[in-house]
Amino acid sequence: LPGLPAVYADNDEAQTLEIVLEDSATGVEAMLLYGVLPELDIITRSVYVRNQSSEKIYVNKVMSAELDFLYGDYDLLTFYGRHAMERNLQRVPVVHGSQMIGSVRGTSSHQYNPMMILAEKDTTEDHGGCYAMSFVYSGNFQGEVLKDQYNQTRMLLGVQEECFRYPLEAGETFYAPEVILSYTDQGMNRLSQNLHSCIRHHICRGKYKTAIRPVLVNSWEAAYFDFTGETLYNLAKEAKSLGIDMLVLDDGWFGKRDDDNSGLGDWYVNEKKLGETLGGLVKRVNDLGVKFGIWIEPEMVNPKSELFEKHPDWAIHLPNRETYYYRNQLVLDLSNPKVQDYVFSVVDNIMTENPDLAFFKWDCNSPITNVYSPYLKEKQNQLYIDHVRGVYNVFKRVAEKYPHLPIMLCSGGGARCDYEALKYFTEFWCSDNTDPIERLYIQWGFSQFFPAKAMCAHVTSWNKNTSIKFRTDVAMMCKMGFDISLKEMNEDEMKYCQEAVANYKRLKGTILDGDLYRLVSPYDTNHSSVMYVDKAKSKSVLFAYDIHPRFGEKTFPVKLQGLDPNKKYKVQEINLMPGQKSTLVTDGGTFSGDFLMKIGMNVFSTAHARSKVIELTEVH
Ligand code: GLA
């Protein structure tokens, strides 16, 4: 799709069906594109509108996919949220009338994810029919489910109608982004596995599609804006002793940026604050055997910056009206090609001056506010579309010039997490909320659509009522990292983390690329459990968490899934604190997959915020 991302596949993996609809009165055409990936139970759908008439037309509404269910009674699952509380699962019956989700914030948003599931009433994680729709797009969207007077259900996903009126001159075409569809009769786990496979093999690109990703420590929660080169060097040194591969220098290293009031736009190194050049610091850290990554937020500008002084018309904001600031900043107008060049040059200059940088964290902390593009002038109804096209143009140029640069995408946590983004970025910062209890819910929501390898989860000092072990065990079920001053840990905790990092590195393949099974929901019980199984069904990792069990609660065994019933597996609890003995009755034993899936294991306790990580290995 020109200018838009889409699922890709080899000729022998997929076919495309094109259906042309013509409006005989005007000659305007709508082309429906269906891509079929039979192995994965995935169908993609997109549409483009061709103005074959002789006059200018306006596209006022365009839905990329529609499904009609002529009978059946369904539940709708959507994922709502807010800053630091992303992807809460909501399951409600489909009722007569319309149920709608969407974003008008310029990005896919914290508030809703551009994803919906329609499930039969008795569908659970491991059985029943369910249909998914997911938009491959990072801008405004609209999802709707309607039930009519004959109890027929219609499900739609596409471009947000609000502030959308796209002009098409005679002969021009409007391309709507793609929707990924999937169906299974085997429950939501299977639906997620279909979508995860589609992302891993048909959206992710480049080296990090398969390469093992580094374990990193990020400076944000360890130092916020308050650091020198020495602080960072020491963090890298401590990280090295834990087996961490990379240090990421977060916000505050450039311009006049000691808090979030100023500096965005002035991407030159604050050497006075660092006490050295960036190149010098990168080299010192690299000499420790630790790679170096850096934070940027190039799509934004603070009014207190040299960039804004020079180019006030590069920022989206209304003329002659008081400006509203979200985190003291404005969004740059990426519908303007000059601004696209500038944003690309931010990355390009940093990389040219510091070719040893091995990673970027790309942030986007404000939605579009004060909606007016000084560049588009009287064509404001194109802003939301042309801005996102501009954003994609920049992402594409960065990916083409730096194909081996892994980049984490952040947007005040998880405000721009969608399939599109995974074409250019290796992973998401899912949420600024790193309380491990909250993360169990946030990661549960994310996992419905995203594979573990796309979800960053860091060990931090949020919720110190929970142990380092619990915080680490929660982070380990995704792409684990650290965001904590390691000085906060005592000797036992450091030893525990060293071992956990080593275990994680050993098991990363299974966790990040294995099949996910959500076994026990934190929404339904006082516990939670998920497991990952590798493709050969010879290695599996089970995570079990006690959240807030009630007094005297009777615990229940967890039945595993996805194993081979005829294989034998050795069960071993890992990630134990120094001196801690496993309380798992099955620890050290060998059991058949059949036993583990039919009888299960007692992995829960009645203690608050306790966790277990259990490795299962096939024995011959
Ligand atoms: C956002 C991100 C954080 C951090 C800060 C820096 O809030 O989500 O992880 O990078 O910005 O200002």
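Nothing here was measured: the structure is a model prediction, and the numbers come from that model.

**Student:** Account for the overall build of the chain, naming residues and giving values.
**Tutor:** Summing up its helical and strand segments, the chain has 13 helices and 31 strands in all. Over its C-alpha trace the chain gives a radius of gyration of 25 Å, about what one expects of a compact globule, namely 25 Å for 620 residues. Taking the principal axes of its C-alpha atoms as reference, the chain extends roughly 75 × 70 × 45 Å. In the chain, buried positions account for 61% of the 620 residues. By element, 50% of the accessible surface of the chain is carried by carbon and sulfur atoms, the whole surface being about 24,400 Å². Within the chain, the 81 negative side-chain charges are centred at a point lying 4 Å from the centre of the 66 positive side-chain charges.

**Student:** Mind laying out the sheet that holds strand β12 (residues 153–159), listing which residues take part and the relevant values?
**Tutor:** If you walk across this open sheet you meet the four strands as β5-β12-β11-β8, and the pairing is antiparallel. In this open sheet, the two strands that pair with only one neighbour each are β5 (63–69) and β8 (97–103). Adjacent strand axes in the sheet meet at a mean angle of 10° when their direction is disregarded. The pairing of β8 with strand β11 (residues 141–147) spans seven bridges and is classified as antiparallel. Bridging across to β11, Met 100 finds its partner in Glu 144.

**Student:** Let's hear about helix α7 (residues 337–353): which residues, and what values?
**Tutor:** Its 17 residues place the ends of α7 24 Å apart at the C-alpha level, agreeing with the 24 Å of an ideal helix rising 1.5 Å per residue. The sharpest bend along α7 comes to roughly 25°, located at Ser 345. Within α7 the residues assigned to the buried category are Val 339, Gln 340, Tyr 342, Val 343, Phe 344, Val 346, Val 347, Asp 348, Ile 350 and Met 351. Structurally, α7 contributes buried residues whose contacts are with β18 (291–296), α6 (306–310), β21 (359–362) and α8 (383–401). For α7, the side-chain oxygen to backbone nitrogen distance between the N-cap and Lys 338 is 2.9 Å, and the N-cap itself is Asn 336.

**Student:** Requested: an account of the site of the ligand, with residues and values cited.
**Tutor:** Not every one of the 13 residues close to the ligand is listed here, only the nearest: Asp 250, Asp 251, Arg 327, Lys 361 and Asp 432. Here an oxygen atom of the ligand and a side-chain polar atom of Asp 250 are 2.7 Å apart. Interatomic distance of 3.2 Å between a side-chain N/O atom of Asn 365 and an oxygen atom of the ligand. Across the shell around the ligand, the residue classes tally to four nonpolar, three polar and six charged.

**Student:** Outline helix α11 (residues 468–475), supporting the account with residue identities and numerical values.
**Tutor:** Counting buried positions along α11 gives eight out of eight residues, so the element sits mostly inside the fold. Those residues of α11 that sit buried are Ile 468, Lys 469, Phe 470, Arg 471, Thr 472, Asp 473, Val 474 and Ala 475.

**Student:** I'd love a proper account of the environment of Cys 163, names of residues and values included.
**Tutor:** Residue position: Cys 163 is located in the loop between β12 and β13 (166–168). Cys 163 gets classed as partly exposed once you look at its relative accessible area, which sits at 39%. On a C-alpha basis, the gap between Cys 163 and Cys 198 in space is 32 Å, while along the polypeptide they are 35 residues apart. In this structure Cys 163 touches Asn 381 and Tyr 384, once residues within four positions along its chain are discounted.

**Student:** Now, about the pattern of salt bridges: what can you tell me, with residues and values included?
**Tutor:** Side chains that differ in sign of charge can pair as their charged atoms come close. This structure, assessed with the given rule, holds 34 salt bridges. Lys 147 is paired through a salt bridge with Asp 73; the nearest N and O atoms lie 3.4 Å apart. A residue pair is termed long-range when its members are at least 10 positions apart, and Lys 147 in strand β11 and Asp 73 in the loop between β5 and β6 (74–82) qualify at 74 residues. Note that Asp 75 and Lys 121 form a salt bridge whose closest N and O atoms lie 2.7 Å from each other. Taken together, the residues Asp 75 in strand β6 and Lys 121 in the loop between β9 (115–120) and β10 (130–135) connect sequence positions 46 residues apart. One salt-bridge network, held together by shared partners, links Glu 66, Asp 68 and Arg 154.

**Student:** How would you sum up a negative patch on the surface? Please name residues and give values.
**Tutor:** On the surface, a cluster of negative charge is contributed by Asp 10, Asp 12, Glu 13 and Glu 39. On the secondary structure map, Glu 13 appears in the segment before β1 (15–22). Take Glu 13: its relative accessible area is 35%, and that puts it in the partly exposed class.

**Student:** Can you explain the pairing of strand β2 (residues 29–37)? Please cite residues and give values.
**Tutor:** Note: β1 against β2, eight bridges, orientation antiparallel. Each residue of the ladder has a partner; that of Thr 16, found in β2, is Gly 35. Between β1 and β2, which pair antiparallel and follow one another directly, the connecting turn spans six residues, one of which, Gly 27, has a positive phi of 85°. Relative to strand β3 (residues 42–50), β2 is paired through nine bridges, and the arrangement is antiparallel. Bridging from a neighbouring strand, Leu 37 pairs with Ile 42 of β3.

**Student:** So, the sheet that holds strand β31 (residues 610–619): which residues are in play, and what are the values?
**Tutor:** Spatially, six strands are ordered β26-β27-β28-β31-β29-β30 in an open sheet, and the strand pairing comes out antiparallel. The sheet is open, and its two borders are formed by β26 (515–520) and β30 (590–592), each paired with just one other strand. Neighbour to neighbour, the strand axes of the sheet diverge by 25° on average, direction disregarded. The pairing of strand β27 (residues 527–533) with strand β28 (residues 539–546) spans seven bridges and is classified as antiparallel. The residue bridging Ser 529 from the neighbouring strand is Ala 544, located in β28.

**Student:** Residue-level account of the nonpolar core, with values.
**Tutor:** Ranked by internal contacts, the top residues of the largest apolar core, which has 171 residues, are Phe 360, Trp 362, Tyr 419, Phe 450, Phe 482 and Phe 543. Phe 360 has contacts with Ile 294, Ile 296, Val 347, Ile 350, Met 351, Leu 405, Pro 406, Ile 407 and Met 408, leaving out every residue within four places of it along the chain. If you look at the next biggest cluster of nonpolar residues, it comprises 20 residues, including Leu 519, Val 520, Met 601 and Leu 616.

**Student:** Describe in detail the environment of Pro 337, supporting the description with residues and values.
**Tutor:** With respect to the helices and strands, Pro 337 occurs in helix α7. Between the alpha carbons of Pro 337 and Gln 498 there is a distance of 48 Å; along the sequence they are 161 residues apart.

**Student:** Report on the pairing of β18, specifying residues and quantitative values.
**Tutor:** Side-chain positions along a regular strand alternate between the two faces of the sheet. Where burial is concerned, most of β18 is hidden: five out of the six residues are buried. Relative to β21, β18 runs parallel, the two sharing four bridges. Its bridge partner being in β21, Gly 293 is matched across the sheet by Phe 359.

**Student:** So, the packing of aromatic side chains: which residues are in play, and what are the values?
**Tutor:** One pass over the full model with this rule turns up 34 aromatic pairs. Every member of this aromatic cluster is reached through a ring pair, and the members are Phe 135, Tyr 137, Trp 362, Tyr 392, Phe 395, Tyr 424 and Phe 425. It is Arg 165 that lies over the ring of Tyr 58; its NZ or CZ is 3.9 Å from the centre. Its guanidinium or amino end placed over the ring of Phe 227, Lys 273 lies 4.6 Å from that ring's centre, counting from NZ or CZ.

**Student:** Let's hear about the side chain of Gln 340: which residues, and what values?
**Tutor:** By the element assignment, Gln 340 lies in helix α7. Once residues within four sequence positions are removed from consideration, Gln 340 is found in contact with Leu 334, Ser 335, Gly 390, Asn 393, Val 394 and Arg 397.

What counts and what doesn't
Residues numbered from 1 in each chain as written. Predicted model: local features only at pLDDT ≥ 70, side-chain atom pairs only at ≥ 80, totals over all residues. Heavy atoms only, no water. Helix = DSSP H or I, 4+ residues; strand = E, 2+ residues; numbered from the N terminus. Rg over C-alpha atoms; globule rule 2.2 N^0.38 Å. Buried < 20%, exposed > 50% of the residue type's maximum accessible area, 1.4 Å probe, protein only. Areas by Shrake-Rupley, 256 points an atom, 1.4 Å probe, with all protein chains shown as cover. Lys, Arg positive; Asp, Glu negative; His and termini not counted. Charge placed at Lys NZ, Arg CZ, Asp CG, Glu CD. Pairing = 2+ DSSP bridges. Axes fitted to C-alpha atoms, helices over the stretch in contact; angles between N-to-C directions. Expected span 1.5 Å × (residues − 1). Bend = angle between axes of the 7 residues up to and from the residue. Contact = heavy atoms within 4.5 Å. Polar contact = N/O pair within 3.5 Å; in protein donor to acceptor, adjacent residues only side chain to side chain. Near = heavy atom within 4 Å. Nonpolar A, V, L, I, M, F, W, Y, C, P; charged D, E, K, R; others polar. Salt bridge = Lys/Arg side-chain N within 4 Å of Asp/Glu carboxyl O. Patch = residues over 30% accessible without salt bridge, like charges linked within 9 Å, V, L, I, M, F, W, Y side chains within 5 Å. Core = buried A, V, L, I, M, F, W, Y, C linked by side-chain atoms within 4.5 Å. Phe/Tyr/Trp six-rings, centres within 6.5 Å; stacked < 30°, edge-to-face > 60°. Lys NZ or Arg CZ within 6 Å of the ring centre and 35° of its normal.

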